Amino acid sequence: MNFNFVDYCQYLLKSHTNFTITNLANHLENISHDTINRYLRTESLNSEDLWRNVKEEFVSDTEAYLIFDDTVINKKYGYNIELTRRQYSGNEHQVVRGIGIVNCVYFNPQNEQLWIIDYRIYDPDTDKKTKIDHVEEMI
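Numbering of residues starts from 1 in every chain and runs along the sequence as written. Note on the predicted model: pLDDT of at least 70 is required for a residue's local features to be given, and 80 or more for side-chain atom pairs to be given and counted; whole-chain, interface and lining totals, by contrast, use all residues. Each side-chain value is worked out from all heavy atoms of the structure, with water and hydrogens disregarded.

Caption draft 1: Region of interest: the environment of W115. For W115, the position within the fold is in strand β4 (residues 113–122). What makes W115 buried here is its relative accessible area of 7%. Remark: the alpha-carbon pair of W115 and L66, spanning 49 residues in sequence, is separated by 9.8 Å. Filtering out sequence-adjacent residues up to four positions away, W115 remains in contact with V54, E57, F58, V59, C104, V105, Y106 and N108. In this text, helices come from DSSP runs of H or I with a minimum length of four residues, and strands from runs of E with a minimum of two, each type numbered from the N-terminal end. Here the term buried applies to any residue with accessible area under 20% of the maximum for its type, exposed to any over 50%, and partly exposed to those in between, with areas from a 1.4 Å probe on protein chains only. A contact between two residues is defined here by any heavy atoms of the two lying within 4.5 Å.

Caption draft 2: Summary view of the pairing of strand β2 (residues 85–89). Bridging between β2 and strand β3 (residues 94–108) involves five bridges; their strand directions are antiparallel. Of the residues in β3, the one forming a bridge with S89 is Q94. Connecting β2 to the next strand, β3, in antiparallel fashion are four residues, including H93 with a positive phi near 60°. If DSSP finds at least two bridges between two strands, the strands pair.

Structure follows, in structure tokens:
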């Protein structure tokens, strides 16, 4: 069995607490931690890749909503991870070391489905952009 982009994206979308590749490998038959690790080292995944994989399942509706949300992936032990910075996490109700992400979610109330259709990494020290700047780019 091959491991691909869709497998990885589905895992990230459905996992709520543990985003490690070890956890992912534990939930897939015949796919090892090393297979996933090799895949992630060789692939360059971006928001355009996300859209290419979502657009086939996407169901447009005039009553739908675009929802923009920011989140912080807590990396309290990730001092050497490039994109980590100290920032407020609403989930933790305090400042944590983490990676900030601004998401664009499309919600279709007719079929009660949602799709993450775009995202941006929030890294103002590098790109000098606010979260609002990222939302404007996604719009």
